[in-house]
Structures are given as C-alpha cells and as structure tokens.
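One letter stands for each residue in the lines below.
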Amino acid sequence: MLVRDWMTPDPITVMPDTPVMDALKILKERGFRRLPVLQDGQLIGITTRKDLKDAMPNKATTLSVWELNYLLSKLTVAEMMARPVVTASEGEYMEDAALRMQEHAVGGLPVLDDFGQLCGIITITDVLRAFTNIMGLREGGKRLTLDMPDVPGSLERATQAIQPSNIISVATYHKDTEAGRRRFVMRVTGEGVRDVRARVRAVGIDVLD
C-alpha cells in the first residue's frame, strides 16, 4: 500500500504572504486542518488550523477593534508556519509515512513526487482508512484472534485449520509480556465460517475471540 494510493492529491496551498485570516477562511470553508505553504512552486512550510488560531489575540486583550483589525491584517502565514517540513514520498509505503507521523507527533504530511514537487497530502484520517481496509472491516465475515508460538509453521497450521473458509485479511503483533508468543488477527468469510473457531481450536490453537 503506497502513499499515492491513499493521499489527497493536489492539495490547496497558500503563500507565505497570505494573511492569517484568509488562510483560516480557506480551512473553514474547505473543512481542512492544514495548508502547505509554497513559494515559487517549492514547499517551504506548513500551517495548521491550531497554529493560526493560536495567533489570534485572546479575549482578554485591551486592544481596540481598530487596533485588532490592523494587527490581524498584517499577520501572515509566514509568521506562523512550521519549517522545515516533515514530508512523505508518493512512492513510499503507508506504514513508513505513518511511523514518521508518530515519531514527529504530526497529524499530516505533505507528499512530494520524484521531482520534489508537492503532489498531495496524507493525514491520520487516510492512515485510518488504509488500516480499516487492510483489516477487511467492510467485507463482513468473522474476526479471529489466535495466540500461537512465534515459530515457523504456526501460520500455516492455522490457515489449514481455517479451510474451507477464506482468509481476507491477516495482521500480527506480539505482547512484550509474552515472550515466544505471537497473536494473529484474521478475518474470514465464506464456506464453513460458522464453525471456524471450533476447527482452529481442534488443532490445539488458542482462539482468544
């Protein structure tokens, strides 16, 4: 699963001299949370709705309405944007982009093509869409969580027991407190799905749900 398959292509952008109020208006009207900032066609920053709102004077200000309007008219995106920008490449794997979001504590990444040009944006929402797709949640069927020894052949033994049902998704993880064990989360459909848990248990595999 590549970033290009899940990103929003051709995102709305702003320039560094765009007034903050104009940027906030774009975010509100389009329902976005972040805007890449371009200068001469090159990505130089990114600004978020939170960044822009934080720039607004608080309600306790003693400034007059005229003074407030004057200050806000002078405040530009360049003063609020984040730089340097953490980005993703359109041809990289989704899990790599998701890990980068986690490591940098950001909710979205501008996406660059092979020439270093902005071509999209990938967000936490896109990661969640990809995750639910991988897990086959919209395809129905039955979910199984299997606890097995973390050794070669464990998955093969499980898949043989699951037949004639069809496995449409598989994910795996291990718990730090359970050395030598691994859990497999599967979604199965088709023939024999009603009795699939019983078939798996019959070959000595622990079915947690």
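Coordinates for the structure precede this section.
(A) Region of interest: the overall build of the protein. Per the secondary structure count, the protein includes 7 helices and 10 strands. Relative to the globule expectation of 17 Å for 209 residues, the C-alpha radius of gyration of the protein, 24 Å, shows a markedly less compact shape. Principal axes of the C-alpha set define a box for the protein whose edges measure 75 × 45 × 35 Å. For the protein, the residues scored as buried account for 34% of the 209 residues in total. Sequence-distant contacts, at least 24 apart, represent 63% of the contacts inside the protein between residues at least 6 apart. Total accessible area on the protein is roughly 12700 Å²; 52% of this is exposed by carbon and sulfur atoms.

(B) Structural detail: the environment of Asp206. Examined against the element boundaries, Asp206 turns out to sit in strand β10 (residues 206-207). Remark: the alpha-carbon pair of Asp206 and Asp114, spanning 92 residues in sequence, is separated by 47 Å. Beyond its immediate sequence surroundings of up to four residues, Asp206 is in contact with Thr145, Leu146, Asp147 and Arg181.

(C) Representation of the packing of helix α4 (residues 94-104) against helix α5 (residues 124-134). Running from N to C, α4 and α5 cross one another at 140°; their axes reach a closest spacing of 11 Å. As summarised for this structure, α4 and α5 are arranged oblique, according to the angle between their axes. Between α4 and α5 lies a crossing whose hand is left-handed. Facing Met94, Ala98 and Met101 of α4, the residues of α5 in contact are Ile124, Asp126, Val127 and Ala130. Of the residues that constitute the contact of α4 with α5, the class distribution is 6 nonpolar, no polar and 1 charged.

(D) Representation of unusual backbone geometry in the model. For the bond from Arg83 to Pro84, the omega torsion is -5°, close enough to zero to count as cis. You can see Pro84 is positioned in the loop between α3 (65-74) and β4 (88-89). Pro164 follows Gln163 through a cis peptide bond whose omega is 10°. Among the secondary structure elements, Pro164 is positioned in the loop between α6 (154-162) and β8 (166-173). Unlike most non-glycine residues, Asp40 shows phi in positive territory, near 55°. The exposed category is assigned to Asp40, whose relative accessible area is 77%. Positive phi values are uncommon outside glycine, yet Ala105 reaches one of about 55°. Here Ala105 shows up in the loop between α4 and β5 (108-112).

(E) Main features of the sheet that holds β8. The strand order β8-β9-β7-β10 describes an open sheet built from 4 strands, whose pairing is antiparallel. The strands lining the two open edges of the sheet, one partner per strand, are β8 and β10. Relative to strand β9 (residues 181-189), β8 is paired through 7 bridges, and the arrangement is antiparallel. Its bridge partner being in β9, Asn166 is matched across the sheet by Thr189. Contacting β7 (142-149), β8 and β9, α6 crosses the sheet at an angle of about 145° to β7.

(F) Up close: the sheet that holds β4. Read from one edge of the open sheet, 4 strands run β1-β6-β5-β4, paired in mixed fashion. The open sheet has two free edges, formed respectively by β1 (8-9) and β4, since each of these has just one partner strand. Relative to β5, α4 is tilted by about 135°, and along the sheet it contacts β4, β5 and β6 (118-123). Seen against the sheet, α5 touches β1 and β6 and runs at an angle of roughly 70° to β6.

(G) Quick look at the environment of Arg187. Within the fold, Arg187 resides in strand β9. In the structure, Arg187 is positioned 156 residues away from Gly31 in sequence and 34 Å away in space, judged by C-alpha atoms. Excluding residues that lie within four positions of it along the chain, Arg187 makes contacts with Met135, Gly136, Leu137, Gly140, Gly141, Lys142, Arg143, Asn166, Ile167, Ile168 and Ser169.

Rules used throughout
Residues numbered from 1 in each chain as written. Predicted model: local features only at pLDDT ≥ 70, side-chain atom pairs only at ≥ 80, totals over all residues. Heavy atoms only, no water. Helix = DSSP H or I, 4+ residues; strand = E, 2+ residues; numbered from the N terminus. Rg over C-alpha atoms; globule rule 2.2 N^0.38 Å. Buried < 20%, exposed > 50% of the residue type's maximum accessible area, 1.4 Å probe, protein only. Contact = heavy atoms within 4.5 Å. Areas by Shrake-Rupley, 256 points an atom, 1.4 Å probe, with all protein chains shown as cover. Axes fitted to C-alpha atoms, helices over the stretch in contact; angles between N-to-C directions. Parallel < 35°, antiparallel > 145°, perpendicular 65-115°, else oblique. Left-handed = near helix turned anticlockwise from the far one by under 90°. Nonpolar A, V, L, I, M, F, W, Y, C, P; charged D, E, K, R; others polar. Pairing = 2+ DSSP bridges.

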